[in-house]
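The lines below spell out each chain.
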Amino acid sequence: MDMCAAEATASLLHVEENFSACLARIDALIFKPLLQAEPSDQKGKENFKLFLLLNDRFQALWNLTEENYRIVKQKYSTSESFCIQDIYIVWKGDLFLSLYIQYFVTFANYVVVHGFEHATKSKSEAWKHHKTVLKQFLTDFTSETSMSLALHTVLHKPIRDHIEQYILLLTKLNEVLKEGSEKDVVTSAVKEYVKLESFISQVLDEACFTKTLWKSLGYKFTDMLCVPERRLLEDSRNLPISASTNRSDRILLFDDVLVLIQGNSFQSFDLKLVWVDENCREKSTPGLYGLRIITPEETFFLSAKDPQMKAVWQWKLNQAIRQALNGKRDFPLWGKTGEGTEPPSCRFFTYVFRLESKFKSASYEGEWHWGKPHGKGTVKWRDGRNHVGDFKEGLEHGFGICLVPRRSEDRYDCYKCHWYEGKMRGYGICEYGNDMVYKGYFKDNVRQGFGILENHSAEHPFKYTGQWENDKKNGYGVWEDKDRGERYIGTWLDDHKHGQGIVVTQSGVCYQRTFHADKMVGSGILLLEDDSVYEGNFTEDLTFVGKGKLSFANGFILEGTFTNKSGQGLQTQGILNTSNEQPDERITKTQLGLKEFPVEKRWKGIYDQFLEFIHSGCKEETEESFTGFHIQTSKELRKSQEYLFCHRGTEDVSWKIEDILEELVHLKELESLQRYLEKALKSSLHPLGKLLKALTIAFQATYSGIGANRHLLTMAQEEVKYYAKKIWEFYQGLLHLALEQKGQMPAKCVDGETSDQKACSVVLPLILPCFYPELFMLYMLYHEREDDLYCQGIVDLSLFPDIKLLEFLDVQKHLWPLKDLTLTTNQRRSLIKDKCFLSATECLQKLITTVDPREKLLILQKTYEEIESTVSRVVETDYKLPMDDLLPLLIIQHLGAEIHLIRDLMDPTNQGGLYDFLLTALESCYEHIQRMRLHQRENCHLSHSS
C-alpha cells in the first residue's frame, strides 16, 4: 500500500508542479494585464466586476493547489512512508470540487455576457502594448486566431485537462489497490471527478447556448432578460412546442423563468411558481399532445406534435422547476433520467399579484399548492390591509388575523376570525380601532348569530349580548348602558330596540314596555322599588302620563288620569280604593318576560352553532369555527388572541373529536355517564363544556349586577332548566352521530324517563353551579320579605323561657328533657339544646354549603334522622317524631329562598316521595314562624291604635 501511495504521490507532485507553473503564467500574462485595463463604459464596468470575481475564483484554486503541493513535497523529501491521506485530492476532494465548480460557473457567467469579446476590445495603452506578448503565449495553447476565442480557451482548457489528469492518476491508483475501505474511498473520488468533468462540459455548453440566444434576440429582450447567472435550457425553435391560443411565437425555458415571446413583447413566469400537469385532457388543437402550465394568475397549455417531444419538455420543465426550488443546480446539471424529476406540489414563496382580483397589487408570502395560496400565509395590500392565516385553493379559509386600517385615523380594526372560501364565517373576535370589541359569530363578512359587542371607551361604555343579523342587532339581546346604570332585555330590529322589552335600573326600578325604533309606545308596567306597581303610560324619565293604575305596597289602588305639569308636580284625577289593606302578591311579585320572551327563543344563536356543528359531522377542522377557539394549533399565530368563553387553564384531558365520539359509544351505565358529563362540562375544550360556558356568559349578561331583580326570577329559573334540556339534546346528538359512524342504532330508553326528566335529573345538578350565584340572588330578593319575617320570628322564639317555648311549640310533655326541675333556666336551656337541637342544627346548616338540590334534600333527610335519634335517646325508646315539632328552632339564613329553589329545581321523580314530604314539612314550619311573627306585628299595631 505504501508503495502505491508513494508512486501516486510522486505522480501527483509532478502533475501539480506543471499545473502550478501554468497557472502562474496565466495569472501573469492574462489576469494581471486585464485587471489593469478597467473599461470606462457602463457595460464594460458590469463585465469587469464579473472578471474580478473570476480572478478571485482563479486565485483561490491556485492557492489551494500551491498550498497542498508544498505540504506534500516537504513530506516527500523527508519521509519514505506514504498513505492515502497524503493524496490530498482524495481526502480533500470536496474542497477541490467546490472551488472548481465555483470557478467554472463564474467563467460561464462571463462567457454568457460576451465578457471576452468586450475585454479584448479594451482601448487602454497598457493592453495594446501587452497584446503582442499575449498572442505569443496563446499560440502555445490554441490555434485560434481570434483573441477573444483564444482567451476563452486558455482560461478553461488547461484546467479541464488538469482534471482529466487527476482522473487518470486516481484510476491507476484504484487499479492497484486491494479491496477494502481505501479502495472504496478512491473509487468514490474518481466518480466525483468524473461528475465534475461532466458538469464543466454541461456548464460550458449551456453558456454557449445562452450566449448564442442573446446574440439572436433584439436589444430590447436582451436588456430585460439577460442576466449573467441565467441559462437557456430549451428553445421551442430547437425542440418545437407551441402555447395555446397562439399566445406566443417562441417559448424559452431558462433555469429560473419560463418566457413566452409574442411579437415585441414577452411574459415571464418564475419557475418557483410554475406547476406542470401532464394529465390534462384539454388540448389546444386536436392531435397535439399537451401540458397544462399553472401559474398564480394564469393557466395555459403547451402542445407538442408527438408524445416524445412532450415528454422531453415535461422532463426539462420539471427538472428546471425542482432545481429552482432547491436554489442550486444539480451535480452534474442533468441527473440520471427519471431521478428526482417531480418537483413538490406544495411550496413556500412570495408573489405580488398583478391581475384584477381581490388580491390585486397585494403580496402573498406563504405556502402554495398547484398555483394557489394554500396553507399558512400572509397577504399585504398597498392600502395597509394585511391578512395572516390559513388559505385554501387561493382564498382565506380557516383561522386568520386581518388588520384593516381606519380612514383618517392612525388605527386598525383587527379581525381574529375563522374564514370560509374567502369570507369571515364562524366564531371570531374583532378589536375595532374605536375601542369596541366584538366576540361572536360571522357569516359572509358580517356579524351573524350570537355575539357580544362591548365599548371600553370612557365616553359611552356599553355592552350588548345577543343576536345579530346582517351586521346589525336583530332578535333577542341584552344591552347594558353603564352610563345610565340600566339594562335592556328584549328584542331588536336593525340596531334599534324594537318590540317587547324589559328595562332594569340600578335603583331597583324595572318596567316592561313595547318599543318602536328605540322609542317607547303604548302602555306598560312599571315596578317601583317600594313594591308599588304602575300600569299605564309613562315617559322615559318614568313620569306617569295619561290613564293608569297605581297599586301601593299596602294594598291601596289609585286608578285614574295622571298629569305632570311644570312646577306643579304629579297630579291625578281618579278613584283611590282603600278596601284592600293587604298587598296582592300577584301584583307586588309580578314576573316579567314570560309570555313576551319564550325560553326556547332566547339565545337561539348559541344553540344554532352547536347544532350545525353536529349536523356537519363534528369534523375537527370545523370545531373552532362553530364552537369558539380552543386547542393549541397555530400557536405563534394566536399568541395574542383572546377566547370568548373562558381563559384557558392547563387541562390534563385532551378532547379530540374522534376520542369524544369513541368514548360516548362505551358509556352504558348512568353513573359512568354522569362522571363523563361532569368532566366534559367542566372542560373548556369539550364541545359541551364550551356550550355551557357560552350559556353562562349569556345568563350573567342578563341576571347579574343590575339584572338582579326579583321580577326576573321565573325567567331565569326556566332558562336554567332549558339549558339543561338543550345540553342533554346535544349530548344525544353527539351520541347518535357516534353510533352512526359505528353503524349502530341508538338504544331505546328502558327506564321510561323522558328527555326532560333526564335533563333535570342528570344535567341540571351538573350545570347549576355555573348559574347558582345569580339565580340564588334572585330567589333571595324574591323571598326577602318572608325571610325577614322568619328571621325576626326566630329571634323572638329564642327569647322565650324553656317551658313556654315547648308549650308554644306544642311539644308533648313526656318528650321534655327536663328531668331535674331544680336546674337553672340557663342550665335547662343548655340541656335542651345539647340533647335535642345541636347535632341537627349543625347538620341543617350544611344546606347552604351546596348548590345541588339533590344534596340539599339529603341534608334535610339527615337532619330529620338526627332529630329523631336525639329524641329516641331522651325518651329511651324508639320514637317517630312529627317533623314539624322541632324544626322551627333550626335557624337558616334565607331559608325561604333555599326551600323554593329546592322545590323548583329538584328532580321531578322525587315529587310525592319522602323528600317531597320532608320539604313540605320544612316549608310548613317556615310559614308557621312567619304567621306567628305577622300575628305579633298585627297585635302590636292594634295596641298602638287603641
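Calculation criteria
- Chains are numbered independently. Their residues run from 1 in the order of the written sequence.
- Two thresholds apply to this predicted model, a pLDDT of at least 70 for residue-level local features and 80 or more for giving and counting side-chain atom pairs, whereas whole-chain, interface and lining totals are computed over all residues.
- Only hydrogens and water are set aside when side-chain values are computed; all heavy atoms of the structure are taken into account.
- Counting from the N terminus, the helices are DSSP H or I runs at least four residues long and the strands are E runs at least two residues long.
- Any residue under 20% of the maximum accessible area for its type is buried, any over 50% is exposed, and the rest in between are partly exposed; the area is computed with a 1.4 Å probe on protein chains only.
- Should any heavy atoms of two residues lie within 4.5 Å, those residues are counted as being in contact.
- Exposure was quantified through the Shrake-Rupley algorithm and a 1.4 Å probe, taking into account, for residues, occlusion by the shown protein chains and nothing else.
- Every axis corresponds to a line fitted to the C-alpha atoms, with the helix fit spanning only the stretch in contact, and the corresponding angles, defined between N-to-C directions, vary from 0 to 180 degrees.
- Note on angle classes: values under 35 degrees are labelled roughly parallel, values over 145 roughly antiparallel, values of 65 to 115 roughly perpendicular, and the remainder oblique.
- Each residue gets one label: Ala, Val, Leu, Ile, Met, Phe, Trp, Tyr, Cys and Pro are nonpolar, Asp, Glu, Lys and Arg are charged, and the others, such as Gly, are polar.
- Only the six-membered ring of Trp is used, alongside the rings of Phe and Tyr, when aromatic pairs are assigned; centres must lie within 6.5 Å, and planes under 30 degrees apart are stacked while those over 60 apart are edge-to-face, with the rest tilted.
- Crossing handedness: left-handed means the near helix sits turned counterclockwise from the far one by under a right angle, and right-handed means the same turn made clockwise.
- Any N or O atom pair separated by 3.5 Å or less is treated as a polar contact, with the protein-specific requirement of one donor-capable and one acceptor-capable atom, and with residues adjacent in sequence counted only for side-chain atom pairs.
- With a 1 Å grid spanning the protein atoms alone, the term cavity applies to any set of points in which a 1.4 Å probe fits but cannot get out, the term pocket to an open set with protein on both sides within 12 Å along at least five of seven lines, and the term lining residue to any residue with an atom within 4 Å of a point.
- Grid points are joined across faces, edges and corners, and a volume is the space filled by probe spheres set on the points.
- Strands are labelled as partners when DSSP assigns at least two bridges between them.
- The term nonpolar core refers to a set of buried residues drawn from Ala, Val, Leu, Ile, Met, Phe, Trp, Tyr and Cys, joined through side-chain atoms within 4.5 Å.
- A helix's residues, less one, multiplied by 1.5 Å, set its expected span.
- The predictor reports its confidence for every residue as pLDDT, a score running from 0 up to 100.
- A side-chain nitrogen of Lys or Arg and a carboxyl oxygen of Asp or Glu constitute a salt bridge if their distance falls within 4 Å.
- Any two cysteine sulfur atoms within 2.5 Å of one another count as a disulfide.

## Structural notes on the overall build of the protein
Helix and strand content of the protein: 25 helices and 27 strands. The buried share of the protein, taken over its 946 residues, is 49%. For the protein, the share of sequence-separated contacts (at least 6 apart) that also reach a separation of at least 24 residues comes to 51%. Split by element, the accessible area of the protein, about 46,800 Å² in all, is 51% carbon and sulfur.

## Re the packing of helix α15 (residues 657-665) against helix α18 (residues 713-741)
Between α15 and α18, the least distance of the axes is 9 Å, while the angle of their chain directions is 90°. Between α15 and α18, the angle is such that the two are roughly perpendicular. The segment α15 lies against α18, with Leu661, Leu664 and Val665 engaging Tyr731, Leu734, Leu735, Leu737, Ala738, Leu739 and Gln741. Classifying every residue of the contact of α15 with α18 by side-chain character gives nine nonpolar, one polar and no charged.

## With respect to the packing of aromatic side chains
The final tally for this structure, using the stated rule, is 53 aromatic pairs. With centroids separated by 6.3 Å and ring planes inclined at 25°, the aromatic side chains of Tyr103 and Phe107 adopt a geometry described as stacked. Note that Tyr103 and Phe107 are positioned in helix α4 (residues 93-112) at a spacing of four residues, about one turn of the helix. Residue Tyr103 is classed as buried on the basis of its relative accessible area of 0%. Given the relative accessible area of 0%, Phe107 is considered buried. With a centroid separation of 6.0 Å and 85° between ring planes, the pair formed by Phe450 and Trp603 is classed as edge-to-face.

## Points about the packing of helix α8 (residues 157-176) against helix α9 (residues 181-216)
As a packed pair, α8 and α9 sit with axes 9 Å apart at the nearest point and diverge in direction by 160°. By the criterion of interaxial angle, the relationship of α8 to α9 is roughly antiparallel. The two elements α8 and α9 cross, and the hand of that crossing is left-handed. Touching Arg160, Ile163, Glu164, Tyr166, Ile167, Leu170, Thr171, Leu173 and Asn174 of α8 are Lys183, Val186, Thr187, Ala189, Val190, Tyr193, Val194, Leu196, Glu197, Ile200, Ser201 and Leu204, all from α9. For the contact of α8 with α9, the class distribution of residues is 13 nonpolar, four polar and four charged.

## What to know about the side chain of Arg347
With respect to the helices, strands and loops of the structure, Arg347 is situated in strand β9 (residues 346-352). Reaching out from Arg347, the side chain makes a polar contact with the backbone oxygen of Lys272 at a distance of 3.0 Å. Polar contacts involving the side chain of Arg347 include one to the main-chain carbonyl oxygen of Val274, which spans 2.7 Å. Every residue in contact with Arg347, bar those within four places of it in the chain, is listed here: Leu271, Lys272, Leu273, Val274, Trp275, Ile321, Leu325, Gly366, Glu367 and Trp368.

## Examining empty space enclosed by the protein
The tally for this structure, following the rule as stated, stands at four cavities of 30 Å³ or more. Taken as a whole, the second largest cavity holds about 40 Å³ of empty space. Counting residues per element, the ones that place at least two in the lining of the second largest cavity are α13 (604-615), α17 (687-703) and α18. The greatest single-element share of the lining of the second largest cavity, amounting to three residues, is contributed by α13.

## Some details on the side chain of His686
Tracing the sequence through the fold places His686 in the loop between α16 (670-682) and α17. Within the structure, His686 has its side chain in polar contact with the side chain of Tyr676 (distance 2.9 Å). In terms of polar contacts, His686 uses its side chain to reach the backbone amide nitrogen of Leu688, at 3.0 Å.

## Focus: the sheet that holds strand β4 (residues 257-262)
By way of backbone hydrogen bonds, the strands of a sheet pair with one another, either parallel or antiparallel. Spatially, the four strands line up as an open sheet ordered β1-β3-β4-β5, and their pairing is antiparallel. Looking along the sheet, the strands with just one partner apiece sit at the ends: β1 (232-235) and β5 (265-270). Averaged over all adjacent pairs, the angle separating strand axes in this sheet is 20°, with direction ignored. Bridge count for strand β3 (residues 250-254) against β4 is four bridges, and the pairing is antiparallel. Directly across from Leu253, in β4, lies its bridge partner Leu258.

## Topic: the pairing of strand β19 (residues 472-481)
Across the ten residues of β19, eight count as buried, placing the element largely inside the fold. Here seven bridges tie strand β18 (residues 462-469) to β19, and the two strands are oriented antiparallel to one another. Bridged to Phe462 within β19 is Asp481. The turn linking β18 back onto β19 is made up of two residues, and Asn470 within it adopts a positive phi angle of 55°. Where β19 folds back on strand β20 (residues 486-493), the antiparallel hairpin that results is connected by four residues, among which Gly485 adopts a positive phi of roughly 65°.

## Quick word on the nonpolar core
Core analysis: the largest hydrophobic core is formed by 82 residues, its most contacted members being Trp603, Ile606, Leu664, Leu677, Ile727, Ile767 and Leu775. Beyond its immediate stretch of four places on either side in the chain, Trp603 contacts Phe450, Thr465, Gly466, Tyr476, Val478, Ala698, Thr702, Glu719 and Tyr723. Grouped together as the second largest cluster of nonpolar side chains are 76 residues, Phe31, Val90, Phe104 and Phe137 included.

## Quick word on α8
With 20 residues, α8 extends 29 Å between its outermost C-alpha atoms, agreeing within 8% with the 28 Å of an ideal straight helix rising 1.5 Å per residue. Buried residues of α8: Pro158, Ile159, His162, Ile163, Tyr166, Ile167, Leu169, Leu170, Leu173 and Asn174, and no others.

## Here's the deal with the sheet that holds strand β2 (residues 242-243)
Pairing is antiparallel across the open sheet formed by four strands, whose spatial order is β2-β8-β7-β6. With one partner strand each, in any of the chains shown, β2 and β6 (275-277) form the two edges of the open sheet. In this sheet, strand β8 (residues 299-304) lies alongside β2 in antiparallel orientation, the contact comprising two bridges. Paired with Ser242 across the two strands is Ser303, which belongs to β8. Against the sheet, helix α11 (residues 307-326) touches β6, β7 (289-294) and β8, its axis set at about 20° to β7.

## So, the pairing of strand β25 (residues 544-551)
Sheet topology note: the strand β24 (residues 533-538)/β25 ladder contains six bridges and is antiparallel. From the neighbouring strand, Gly536 faces β25, where its bridge partner is Gly548. In this structure, the hairpin formed by β24 and β25 is closed by a connection of five residues, where Leu542 is found at a positive phi of approximately 65°. Linking β25 to strand β26 (residues 557-565), which pair antiparallel, is a turn of five residues; within it Gly555 sits at a positive phi near 100°.

## Considerations on the confidence of the model for the protein
Taken residue by residue, the protein gives an average pLDDT of 82. The fraction at 70 or more is 82%. Every residue in residues 630-652 scores below 50 in pLDDT, and together they form 51 contacts with partners more than four places removed in sequence or on other chains. In this model residues 819-834 is a low-confidence stretch, pLDDT under 50, and it forms 17 contacts with partners more than four residues away in sequence or in other chains.

## Some words on the pattern of salt bridges
Within this structure, the stated rule accounts for 38 salt bridges. Lys32 serves as the salt-bridge partner of Asp27, at 2.6 Å between the closest nitrogen and oxygen. Classification of Lys32 by relative accessible area gives partly exposed; the value is 44%. The salt bridge partner of Asp383 is Arg385, with a shortest N-O separation of 2.9 Å. The network of salt bridges with common partners includes Glu206, Asp255 and Arg329.

## A look at the state of the cysteines
By definition, a disulfide links the sulfur atoms of two cysteine residues through a covalent bond. One pass over the full model with this rule turns up zero disulfides. Residue Cys402 stays outside any disulfide, its sulfur separated by 8.3 Å from that of Cys414, the closest cysteine.

## Digging into unusual backbone geometry
Positive phi, close to 50°, is recorded for Glu421, a residue that is not glycine. In this structure, Glu421 sits in the loop between β14 (412-420) and β15 (423-431).

## Focus: α13
Across its twelve residues, α13 extends 16 Å between first and last C-alpha, which sits within 8% of the 16 Å expected from 1.5 Å per residue. The complete set of buried residues in α13 reads Gly605, Ile606, Tyr607, Gln609, Phe610, Phe613 and Ile614. Positive phi shows up at Gly617, right after α13, with a value of about 95°.

## Considerations on the environment of Leu737
With respect to the helices, strands and loops of the structure, Leu737 is situated in helix α18. Distance in space between the C-alpha atoms of Leu737 and Cys618 is 8.4 Å, their sequence separation being 119 residues. Contact partners of Leu737, with chain neighbours within four places excluded, come to Ile614, Gly617, Cys618 and Leu661.

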